[in-house]
Amino acid sequence: MADAEVLLRRVPSRSSWQRARKARPHLLLSRRGRRRFGVLTRGELRRLRRRLLRAHALGGDWKLGVAAAAAAGAAPAASKCKARPRGRPTPDTRPAPRPEPEPAPDTRPAPRPRPAPRPRPERPPPLRHSNITQPTRDLGSGRVLLLLPTGEGFTFSGICRVTCIYGQVEIYGHIIKQGQPARDVYSTYTHSYLTINGVQYPEPDKSEKETRREIRALLKPHMKLDDRNWAIQNFPPLGSMVLLEQLRTPAVDFMSFYACASYVFLQENTPVRTNAEYFLLKKIGLRRQRKKKGICFSESGLCAMEELVSVCCDGCPVILLCGACDIGKSTFSRILINQLLNSLPGVDYLECDLGQTEFTPPGCVALLNITEPLLGPPFTHPRRPQKMVYYGKMSCHNDYENYIEMIKYVFRDYKRESPLIINTMGWVKDEGLLLLVDLIRVLSPNYVVQLSGRGRTMSALTSEYVELTDGLYTKSKTKRRHRGFEIEEFGDSLELTDEDKDCCPVPAFTGHKLIAVHSEFICDKNEKNRAKYNKIFRDLAVLGYLSQMMPPVPGPLTPLHSLTPYQVPFNAVALRITHADVAPSHILCAVNASWVGLCKIVDDMKGYTRGPILLAQNPICDCLGFGICRGIDMDQRLYHILTPLPPEELKAVNCLLVGAIPIPHCIFKKQPGPEGTIPYVTTDYNLKLPGASEKIGDREYEHSFLGYKSYKRK
């Protein structure tokens, strides 16, 4: 009787329904949608539900699809009613199934009840995002939108302008937040590639709807509606939105014009494997690089950075960086300066490395106050120094006393209003180590950061080691002194005035703290190619300084020989060749077409009616800038000087110093416009003449020889 109450209807097989479905036309001129295979109608769902309820009333477990003894045939019949086509039902002629024997009772112990799950705090649902970790989108006009999740980095090569639209990102230690101005970032091929890292920020106390509305408002000035919808749909939780723009500045155009620097900002050859992102980033001059090609910091470097930032926020310590060549001193100092600028208005910097300067052309000892982050190599951020002295050579070999006197002269202007970072030379062997001991005693830093690695070992410069070691000009005397200024060998030239002592009291010298850092920076230099690399970097530094003469608005490039020079009378300035002894009759030959330092000495030049005026020794004086002596007019007795200095500052210049820093050869070789012989470049040079050689002083000429045919520029 129970089986008779369940109405069983036979369902056609899947193959027959499939044949019927394929026989239907593919195009139906009707508004009614086509019925998909396996979908029941409302009536069928209602009848199926009625049969399942009847089977459950008879004792069948309809949830599991297994029938009990009283409804052994009901559940299987119900499971076959999944896809029954419409039409007249056919009677079931199959014999009734035999009742199955009752299953054996289950003697297993009842499972233990699970504890109720703890209630979790309610959090707003995250915004939807795609499976791409760092999606990018082309916005047109040389702009690309980058969605950067928290904790991930985008390592790239090339130059661009970075704007943080939403969130926070970190570049080279500097944090860029939303609402801050855009930053120009230079990830060139001459140095390690930079990385844009997503920084975690506090979760906003807003709902998802309010967050979307805020992001849309921030994106509206930069992109269209479709791009805003894509950004919202793919935005990662607590991520950052970064706008990358193609960068073109007069300085970049000027440096790219010359062969010695044109490859610095250009992309390399096309890789073997390319994708859509490669061509997208290529439009703005970028290329994604592997993370290992970026800047790598060791654990000791991170700990040292954290400690130095902490002490600088509480006071104004003096930090000295030392280590061998190409160990990472400059990179460490840039990251330290950028991290300090996140919380301080400015950082003072003392440059003592003559060969590889950071903010000035080579051959200088300079004191600067840095207020803007450093997001590139040295030749991309020339700065105006607070005080500078032109030494004139890339090394202080055999002239240590003059070098130390210049450092003392510049260091005297440090007011102790900001933390001071001191960069030293990479010469740490033999006499270079003794000279470093002298500098530590003279400058008396609070912290000495010693970088080492890659098998380069040097003595640990602890406070005890410095006190017990004789330097080149200082003795190992242990006595109480004020910041190391009371040294008999140097006299009293570094003693502070009463006014400085009242406003900045100096405690008694108690030594310094040594911080040892194991460097893991990757460097392509070695003993064979170091001189070649250093020469390229010096040429780039000179070109970066000369690029300041270009107009601030991007436009057609103006070559240097097309600029109007300043006219300086012979009797207005004094001359001095700092690196060699030159006969007075040949002094103008050495000055013509040379790199000159524009300096200011104490002596007055008003008493001289003619010239040139020659100095007997190298002066220690302020250097206001640099320029090129483009030509000499012997008839009117004038020097023609090209320099980025403004005229009001050029009036204070009364001394021209010529050193061993050469002008890059590419400036002479590439002078578009003149036809015929290029001025100051000749291949007809007689090396057999007395005094003529491949090296004039410390200047090196590799492929061509620069001859000075006349004093007057044609």
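If you're wondering where the values come from, they're calculated on a predicted model, not measured in any experiment.

1. Notes on the nonpolar core
Item 1. In this structure, Leu-244, Leu-546, Leu-560 and Trp-595 are the most contacted members of the largest nonpolar core, which totals 97 residues.
Item 2. Grouped together as the second largest cluster of nonpolar side chains are 35 residues, Cys-322, Cys-352, Val-428 and Val-437 included.

2. Here's the deal with the sheet that holds strand β21 (residues 622-633)
Item 1. Here 7 strands make up an open sheet; going across it, the order is β17-β22-β21-β19-β23-β18-β20 and the pairing mixed. This sheet does not close on itself; its edge strands, each paired only once, are β17 (566-569) and β20 (613-614).
Item 2. Looking at chain direction, β17 and strand β22 (residues 638-642) are connected through 4 bridges and run antiparallel. When the bridges of β22 are listed, Tyr-566 appears paired with Ile-641.

3. Focus on the pairing of strand β12 (residues 364-370)
Item 1. Within β12, 6 of the 7 residues are buried, which leaves it mostly tucked inside the rest of the structure.
Item 2. Taken together, the 4 bridges between β12 and strand β13 (residues 387-390) define a ladder with antiparallel strand orientation. Note that in β13 the partner of Leu-367 across the bridge is Lys-387.

4. Quick notes on the environment of Thr-578
Item 1. On the secondary structure map, Thr-578 appears in the loop between β18 (574-577) and α17 (587-591).
Item 2. Ignoring any residue separated from it by four or fewer positions in sequence, one finds Thr-578 in contact with Tyr-391, Gly-392, Asn-618, Leu-657, Val-658 and Gly-659.

5. Side note on the packing of aromatic side chains
Item 1. If you walk through the whole model with that rule in mind, you get 19 aromatic pairs.
Item 2. Ring geometry for Phe-570 versus Tyr-639: centroids 4.5 Å apart, planes at 35 degrees, classification tilted. Placement of Phe-570 in the loop between β17 and β18 and of Tyr-639 in strand β22 is noted, with a sequence separation of 69 residues between them.
Item 3. On the basis of relative accessible area, Phe-570 is assigned to the buried category, the value being 2%.
Item 4. One aromatic cluster is present, formed by Tyr-390, Tyr-545, Trp-595 and Phe-626 through successive ring pairs.
Item 5. Its end group placed over the ring of Phe-257, Lys-670 keeps NZ or CZ at 4.2 Å from the ring centre.

Rules behind the numbers
Residues numbered from 1 in each chain as written. Predicted model: local features only at pLDDT ≥ 70, side-chain atom pairs only at ≥ 80, totals over all residues. Heavy atoms only, no water. Core = buried A, V, L, I, M, F, W, Y, C linked by side-chain atoms within 4.5 Å. Buried < 20%, exposed > 50% of the residue type's maximum accessible area, 1.4 Å probe, protein only. Pairing = 2+ DSSP bridges. Helix = DSSP H or I, 4+ residues; strand = E, 2+ residues; numbered from the N terminus. Contact = heavy atoms within 4.5 Å. Phe/Tyr/Trp six-rings, centres within 6.5 Å; stacked < 30°, edge-to-face > 60°. Lys NZ or Arg CZ within 6 Å of the ring centre and 35° of its normal.

Spatial relationships are all this shows, so hold off on functional conclusions.
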